[in-house]
Amino acid sequence: MGTALDIKLKRANKEVLSGVVVITSKDTVQHQGISLTMEGSVNLQLSAKSVGVFEAFYNSVKPIQIINSTIEMVKPGKLPSGKTEIPFEFPLHMKGNKVLYETYHGVFVNIQYTLRCDMRRSLLAKDLTKTCEFIVHSLSQKGKLMPSPVDFTITPETLQNVKERASLPKFLIRGHLSSTNCIITQPLTGELVVENAEAAVKSIELQLVRVETCGCAEGYARDATEVQNIQIADGDVCRGLPIPIYMVFPRLFTCPTLETTNFKVEFEVNIVVLLQDDHLITENFPLKLCRM
């Protein structure tokens with residue numbers, strides 16, 4: 001076994017990231033210094049359909065650096081054989097007027113924070129590097145979130161983007177969502193009732209969609225992609241039976257609704273009803289997510 005380098009993080013508070021760097025070696029280790037680098041950036045990517053549409057994008061699609069700082073932990077010297085633990089505390093300071101956005105892994109928008117430890121060594125020995133990701137939560141909003149319940153009724157007449165309305169089977173679906181202003185740590189809840197339907201119901205699904213917008217004043221690309229899909233009913237459901245709606249927001253793939261000059265991250269939920277004759281009925285609800 002050679003020399004191994006590892007980072008162990010403690011739970012971060014709002015101001016400081018702390019932990020220990022662990023160096024394990026069976027022999028004494030000569031080094032030219034050990035440093036820690038904290039990086040945080042927003043990586044924006046254009047979808048294939050948007051590339052080449054707006055040349056102006058190429059300026060705004062460069063990664064946006066949120067945080068970048070390095071501290072020297074140990075000056076050049078020697079480390080004894082065995083296991084050495086070096087504790088550290090890294091202040092979470094912003095560059096200028098930058099905001100510490102919440103960690104988010106999307107398709108076209110990615111907000112990521114990493115901590116990298118570098119041990120520089122002499123020419124004959126290879127430098128050692130260890131990188132780990134740490135998760136950032138945005139600050140909780142002050143005040144109380146006002147619930148915004150939504151009642152919905154879906155019939156052939158309420159549908160949009162229908163080519164042959166007359167050929168649609170008759171149906172009536174009612175329901176409600178408890179609130180479209182959602183706390184990200186709490187589930188989205190509600191209820192759905194199929195009052196009547198001429199055609200048999202095949203499936204009812206709840207689809208969470210992320211809407212990511214990248215761009216600048218000259219133009220922007222807006223892309224909607226699925227985060228998760230939950231089936232809440234299978235087969236021809238009983239008429240008049242309340243079906244519960246319950247969806248937990250997945251961590252990392254959702255974040256509080258975010259709007260900046262260069263990018264936006266928004267969320268929507270679709271209620272999708274598939275009938276036996278393959279008619280697909282979709283009702284869309286924009287959501288506002290926040291952390292309380």
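Just so we're clear, the structure is a prediction, and the values are computed from it rather than from any experiment.

Some remarks on the overall build of the protein
Then, in step 1: From N to C terminus, the protein includes one helix and 20 strands.
Then, in step 2: The C-alpha atoms of the protein give 26 Å as radius of gyration, which overshoots the globular expectation for 292 residues (19 Å, by more than 25%).
Then, in step 3: For the protein, the C-alpha atoms occupy an extent of roughly 80 × 45 × 40 Å along the three principal directions.
Then, in step 4: Expressed as a percentage of its 292 residues, the buried residues of the protein come to 44%.
Then, in step 5: Across the protein, every contact between residues at least 6 apart in sequence was considered, and the portion connecting residues at least 24 apart equals 71%.
Then, in step 6: Surface exposure of the protein reaches about 15,900 Å², of which carbon and sulfur atoms provide 52%.

Quick look at the pairing of strand β14 (residues 188-197)
Then, in step 1: Where strand β12 (residues 171-177) and β14 come together, seven bridges link them in antiparallel fashion. Across the sheet, His 176 pairs through a bridge with Glu 191, a residue of β14.
Then, in step 2: Note: β14 against strand β17 (residues 242-247), six bridges, orientation antiparallel. The residue bridging Glu 191 from the neighbouring strand is Pro 244, located in β17.

Considerations on the packing of aromatic side chains
Then, in step 1: Overall, the coordinates contain four aromatic pairs when judged by the stated rule.
Then, in step 2: On the numbers, 6.3 Å between centres and 85 degrees between planes, the contact of Tyr 104 with Phe 267 is edge-to-face. Residue Tyr 104 is found in strand β8 (residues 104-105), and its partner Phe 267 is found in strand β19 (residues 263-275); the two are separated by 163 residues along the sequence. Grouping residues by exposure puts Tyr 104 and Phe 267 together as buried.
Then, in step 3: Taking 5.8 Å as the distance between ring centres and 40 degrees as the angle between the ring planes, the aromatic pair formed by Tyr 113 and Phe 134 counts as tilted. One end of the pair, Tyr 113, is in strand β9 (residues 109-119); the other, Phe 134, is in the loop between β10 (128-133) and β11 (150-154), and 21 residues separate them in sequence.

Quick notes on the sheet that holds β14
The strands making up a sheet associate through backbone hydrogen bonding, with each pair oriented either parallel or antiparallel.
Then, in step 1: Read across the sheet, four strands follow the order β11-β12-β14-β17 without closing on themselves; strand pairing throughout is antiparallel. Two strands close off the open sheet at either side, each with one partner strand: β11 and β17. Taking each pair of neighbouring strands and ignoring which way they run, the sheet shows an average axis angle of 20 degrees.
Then, in step 2: Bridging between β11 and β12 involves five bridges; their strand directions are antiparallel. The residue bridging Thr 153 from the neighbouring strand is Arg 174, located in β12.

Here's the deal with the sheet that holds strand β7 (residues 82-91)
Then, in step 1: Taking strand neighbours across the sheet as the criterion, the three strands line up as β1-β2-β7 in an open arrangement whose pairing is antiparallel. Across the chains shown, the open sheet's two edge strands, defined by having one partner strand only, are β1 (4-9) and β7. Averaged over all pairs of adjacent strands, the angle between their axes in this sheet comes to 20 degrees, without regard to strand direction.
Then, in step 2: Relative to strand β2 (residues 16-25), β1 runs antiparallel, the two sharing six bridges. Counterpart to Ile 7 in the pairing with β2 is Val 21.

Examining the side chain of Thr 180
Then, in step 1: Structurally, the position occupied by Thr 180 is in the loop between β12 and β13 (181-183).
Then, in step 2: Engagement of the side chain of Thr 180 in a polar contact is seen with the side chain of Ser 148, the distance being 2.9 Å.
Then, in step 3: Setting aside residues up to four positions removed in sequence, Thr 180 forms contacts with Ser 148, Val 150, Pro 286, Leu 287 and Lys 288.

Some points on the nonpolar core
Inside soluble globular proteins, nonpolar side chains tend to come together where they are buried.
Then, in step 1: Among the nonpolar cores identified, the biggest contains 76 residues, and Ile 111, Leu 115, Ile 204 and Phe 263 are the most heavily contacted of them.
Then, in step 2: The dominant element in this core, judged by the number of residues it contributes, is β19, at seven residues.

Overview of the confidence of the model for the protein
Residues shown with low pLDDT carry predicted positions that ought not to be read at fine detail.
Then, in step 1: The predicted model of the protein averages 89 in pLDDT, with 92% of residues at 70 or higher.
Then, in step 2: Across the protein, the secondary-structure element scoring lowest on mean pLDDT is helix α1 (residues 57-60), at 50, and the one scoring highest is β17, at 97.

Some words on the pattern of salt bridges
Then, in step 1: One pass over the full model with this rule turns up ten salt bridges.
Then, in step 2: The salt bridge involving Asp 6 is made with Lys 130; its shortest N-O contact spans 3.9 Å. Of this pair, Asp 6 sits in strand β1 while Lys 130 sits in strand β10, and the two are 124 residues apart along the sequence.
Then, in step 3: Under the relative-accessibility criterion, Asp 6 is labelled partly exposed at 28%.

Cut-offs applied
- Residues numbered from 1 in each chain as written.
- Predicted model: local features only at pLDDT ≥ 70, side-chain atom pairs only at ≥ 80, totals over all residues.
- Heavy atoms only, no water.
- Helix = DSSP H or I, 4+ residues; strand = E, 2+ residues; numbered from the N terminus.
- Rg over C-alpha atoms; globule rule 2.2 N^0.38 Å.
- Buried < 20%, exposed > 50% of the residue type's maximum accessible area, 1.4 Å probe, protein only.
- Contact = heavy atoms within 4.5 Å.
- Areas by Shrake-Rupley, 256 points an atom, 1.4 Å probe, with all protein chains shown as cover.
- Pairing = 2+ DSSP bridges.
- Phe/Tyr/Trp six-rings, centres within 6.5 Å; stacked < 30°, edge-to-face > 60°.
- Axes fitted to C-alpha atoms, helices over the stretch in contact; angles between N-to-C directions.
- Polar contact = N/O pair within 3.5 Å; in protein donor to acceptor, adjacent residues only side chain to side chain.
- Core = buried A, V, L, I, M, F, W, Y, C linked by side-chain atoms within 4.5 Å.
- pLDDT = per-residue confidence, 0-100.
- Salt bridge = Lys/Arg side-chain N within 4 Å of Asp/Glu carboxyl O.

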